[in-house]
Amino acid sequence: MIRLLVDIAARHLLARRRQSIVSLLGVVLGVSFFLSISAMMRGSEQDIIHRLVDNAPHITIEDEYRNPTLQPVSQLFPRAVVQLRHLVPQTEMRGIRGYPQILDYLRRTPGLRASAVLSGQALASFAGKDRAIGLYGIVASEYAQVSTIRRYMVRGSLDELEANPNGIVVGDELARRMSLSMGDNLRVASTTGQVRTFKIIGLFHTGRSDFDAGQAFVALKRVQSMLDRPNRINTIVIKLADPNAARTEAARIERRVRYKTVSWQERSEDLMSALAIRSVIMYAVVGAVLVVAAFGIYNVISTVVLEKQRDIAILRAMGFEARDIEGMFLAQGALIGAVGNVFGIGLGCGLMAGLMRIHFRVPGSTDVTYLAIDWSPFQFLLAGGVAMLAAMIAAYLPARRAAKVEPVDVLRGGT
Amino acid sequence: MAEAIRLEHVTRRLEGEVPVTLVDEASLRIDAGECVAITGPSGSGKSSLLYLMGLLDLPTAGRIWLGGTDTSDYGEDERSEARLRTIGFVFQAHFLLPEFSARENVMLPMRRLGLYDEATIRERAGALLAGLDLGSQCDKWPRQLSGGQSQRVAIARALANDPMLVLADEPTGNLDSVASRNVQRTILALAHAQGRAVAVVTHDPDFAAQADRRIRIVDGRIQP
């Protein structure tokens, strides 16, 4: 039965080749644009999120509290108006206290890796050149488990920091700007005034010029000593087996350790909302292309319905039901949608492959960048599904009209 | 003879500011093997009576019995099913679907009924066309056939599901005299040789004279 309806639908379309080809072209272009633009936008979105998730910690414990600690009297009388005068704030060493215990607690959680970091500002000097750098005190073997820095090492090794506490790993851009080479001795002065000389034991290149030109990794104990913060750190970075669980894990950890614990989603909320808005705009624009294509389908099927009133009447007289007639014209929409999908997806794949070959240099990056394209089946299903839906909606209105044709009215006037 | 169709006091009225009665209190019975000619002046209600007999239109009053079954309670789908299985229509214009060959046009009702596989349907359609001397025209498009040939293909299509009732609305109206005589012979044979009930609306007195019975309608009423 469906075969018969599809057969009649196909004959109707083939009889109006030019109109059918124009509406088919609309779907082909719509599907290919939808697919290629959607794949490019989704690809870049996934790339951004991947970089966020992959290159940055999933959770960061910071050396501050989300809400300031209340004075004991305010805790005792939470609804009272309290004024305390001549308070002398306690001067205490900043940082996360008892971090080894916190790390022990964290490492008992399955699927969680954590590493302590003490970071601070310093001035690097070599051959008469001075540059402000960020100094990262790390335990190399632990930090390598929560960071991708090992992947970006171009010379030497991060692990050497454990064997050589006077070693330093710097970005290749910093090395280039300061004319540093492997094995050179770099003088580093901290904000406390302490000066130490470190030997260059490794170079990394992440592609982010600010990072490559301004960061250096040193053994944690050395940085604690240089910043006068023994047994303190100011950040714990955490990687999870499931990055999507970061928000709930961060809340759980913060409840336990009380230090402000920030998930990658919280840290990137602005970016995530911007990406969501961008997706809405993108789907609205590419969806509009398919709406235009749907108008083409509506036009051709409406014309067929108008021209085929007599055939509809004769089919009804033969015993075809009203729903058969409706199905016949819906089949026309489905045929244009399906054939348009086949060619549209083919053309879309070509466009996607072409987009992948485009390369350019982003300002602020030293690397050549390629467009990230999402080739996941979801993209194809989405493009195909939206095109089919648009085609079926476009076919539905004329199909309903065809089903309501009264054969007697047509036959009376048709002889 | 077995009753094929019976109309009892069937009236069809179009409501509106000025109501129009198309068929007025028509009572009629046609048996299997009988050919009834329906004559009358233009606009007298002949075609309207035929559409009511073919369950294409609904009577305002009265009952229609098809093969001994009252069709008063039939819904839209049941009327379509009854048309598909028991009624064959032939119109003044052949109304062949131009996108289908002669054989494919004849196959359409059989494909809709779905009783046979595609190969059997092709074979049956070919046999029906051959029975009407159109064996060599099976694969021709409607535009390649003459008026008489097209009308005979339309008759073959009406016979596709072996209906007990054939309704023909001025089937020779558009044909020359030779083709007209061929179609007349074919239609009369449907009743006399094949035992079907045939109702044929015609203006041709010679054709009407060859029918078993002649009914005249004036202003929607069957004349006594």
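Residues numbered from 1 in each chain as written. Chains lettered and ligands numbered in written order. Predicted model: local features only at pLDDT ≥ 70, side-chain atom pairs only at ≥ 80, totals over all residues. Heavy atoms only, no water.

(A) View of the overall build of chain B. When helices and strands are tallied, chain B shows seven helices and 10 strands. Taking 224 residues into account, the globule formula puts the C-alpha radius of gyration at 17 Å, and chain B, at 17 Å, falls close to it. Each principal axis of the C-alpha distribution contributes one length, and for chain B these read about 50 × 40 × 40 Å. Each of the 224 residues in chain B was classed as buried or not, and the buried ones make up 55%. Approximately 9400 Å² of chain B is accessible, and the part contributed by carbon and sulfur atoms is 47%. Separation of charge centres in chain B, based on 25 positive and 30 negative side chains, amounts to 4 Å. (Helix = DSSP H or I, 4+ residues; strand = E, 2+ residues; numbered from the N terminus. Rg over C-alpha atoms; globule rule 2.2 N^0.38 Å. Buried < 20%, exposed > 50% of the residue type's maximum accessible area, 1.4 Å probe, protein only. Areas by Shrake-Rupley, 256 points an atom, 1.4 Å probe, with all protein chains shown as cover. Lys, Arg positive; Asp, Glu negative; His and termini not counted. Charge placed at Lys NZ, Arg CZ, Asp CG, Glu CD.)

(B) Structural detail: the side chain of A:Glu326. All names here are of chain A. Topologically, Glu326 is positioned in helix H14 (residues 322–357). Residue class for Glu326 comes out buried when judged on its relative accessible area of 15%. Other than its neighbours up to four places away in sequence, Glu326 contacts Tyr396, Ala399, Arg400 and Ala403. (Contact = heavy atoms within 4.5 Å.)

(C) Structural view of unusual backbone geometry. All names here are of chain B. Of note in this structure, Glu25 is not a glycine but carries a positive phi near 55°. Assignment of secondary structure puts Glu25 in strand E2 (residues 20–31). Phi is positive for Asp133, close to 60°, though the residue is something other than glycine. Of note, Asp133 is situated in the loop between helix H4 (118–131) and helix H5 (147–158). Residue classification places Asp133 among the exposed positions, given a relative accessible area of 65%.

(D) Local environment of empty space enclosed by the protein. Under the counting rule described, the total for this entry stands at one cavity of 30 Å³ or more. Roughly 130 Å³ of internal volume is contained in the largest cavity. Lining the largest cavity we find 15 residues, and of these A:Met318, B:Ile87, B:Phe89, B:Arg157 and B:Ala158 sit closest to its centre. (1 Å grid on protein atoms, 1.4 Å probe; cavity = no way out; pocket = protein on both sides within 12 Å on 5 of 7 lines; lining within 4 Å. Points joined across faces, edges and corners; volume = space filled by probe spheres on them.)

(E) Main features of the nonpolar core. Grouped together as the largest cluster of nonpolar side chains are 84 residues, with contacts concentrated most on A:Phe329, B:Leu49 and B:Met53. Of the residues forming this core, the biggest block, 10 residues, is contributed by helix H12 (residues 269–307) of chain A. If we ignore the near neighbours within four places in the chain, the residues touching A:Phe329 are A:His12, A:Ile301, A:Val304, A:Val305, A:Ile312, A:Ala395, A:Ala399 and A:Ala402. Core analysis: the next-biggest nonpolar cluster, separate from the first, contains 46 residues, A:Ala175, A:Leu186, A:Val223 and A:Ala246 among them. (Core = buried A, V, L, I, M, F, W, Y, C linked by side-chain atoms within 4.5 Å.)

(F) Spotlight on a nonpolar patch on the surface. Residues and elements named next belong to chain A. On the surface, a cluster of nonpolar side chains totalling about 370 Å² of accessible area is made up of Leu29, Phe33, Ile37, Leu347 and Leu351. Listed by contribution, the elements that provide at least two residues to the nonpolar patch are helix H2 (17–55) and H14. In terms of residues, the nonpolar patch owes the most to one element, H2, which gives three residues. Along the chain, Ile37 turns up in helix H2. Judged by relative accessible area, which is 33%, Ile37 ranks as partly exposed. (Patch = residues over 30% accessible without salt bridge, like charges linked within 9 Å, V, L, I, M, F, W, Y side chains within 5 Å. Salt bridge = Lys/Arg side-chain N within 4 Å of Asp/Glu carboxyl O.)

(G) Looking closely at the pairing of strand E8 (residues 215–219) of chain A. Residues and elements named next belong to chain A. Counting buried residues in E8 gives five out of five residues, a clear majority hidden from the surface. Of the strand pairs in this sheet, strand E3 (residues 129–138) and E8 are connected by five bridges, and their pairing is parallel. The residue bridging Ile138 from the neighbouring strand is Ala219, located in E8. Summarising the sheet, strand E5 (residues 167–171) and E8 pair through two bridges and their orientation is antiparallel. The residue of E8 that forms the bridge with Val169 is Phe217. (Pairing = 2+ DSSP bridges.)

(H) Up close: the interface of chain A and chain B. With 28 residues of chain A in contact, the opposing surface of chain B contributes 27 residues. Taking both sides of the interface into account, the surface hidden between chain A and chain B amounts to around 2700 Å²; carbon and sulfur atoms contribute 59%. Contact with chain B buries area across many residues of chain A, yet A:Arg11, A:Met318 and A:Arg412 alone supply 22% of it, more than any other trio. Here chain A is connected to chain B by eight salt bridges. Applying the counting criterion to the chain A and chain B interface returns nine residue pairs in polar contact (both at pLDDT 80 or more). Mapped by element, the contributors of at least two residues to the side of chain A that touches chain B are helix H1 (2–15), helix H13 (309–318), H14 and helix H16 (407–414) of chain A. Considered class by class, the residues forming the side of chain A that touches chain B number 12 nonpolar, four polar and 12 charged. (Buried area = accessible area lost by both parts, 1.4 Å probe. Polar contact = N/O pair within 3.5 Å; in protein donor to acceptor, adjacent residues only side chain to side chain. Nonpolar A, V, L, I, M, F, W, Y, C, P; charged D, E, K, R; others polar.)

(I) Layout of the packing of aromatic side chains. Enumeration over the complete set of coordinates arrives at nine aromatic pairs over all chains. Ring centres 6.4 Å apart and planes at 35° place the aromatic pair A:Trp375 and A:Phe380 in the tilted group. Where B:Phe91 meets B:Phe95, the ring centres are 5.5 Å apart and the plane angle is 45°; that geometry is what we call tilted. In this structure B:Phe95 comes out as buried when scored by relative accessible area, which is 1%. (Phe/Tyr/Trp six-rings, centres within 6.5 Å; stacked < 30°, edge-to-face > 60°.)

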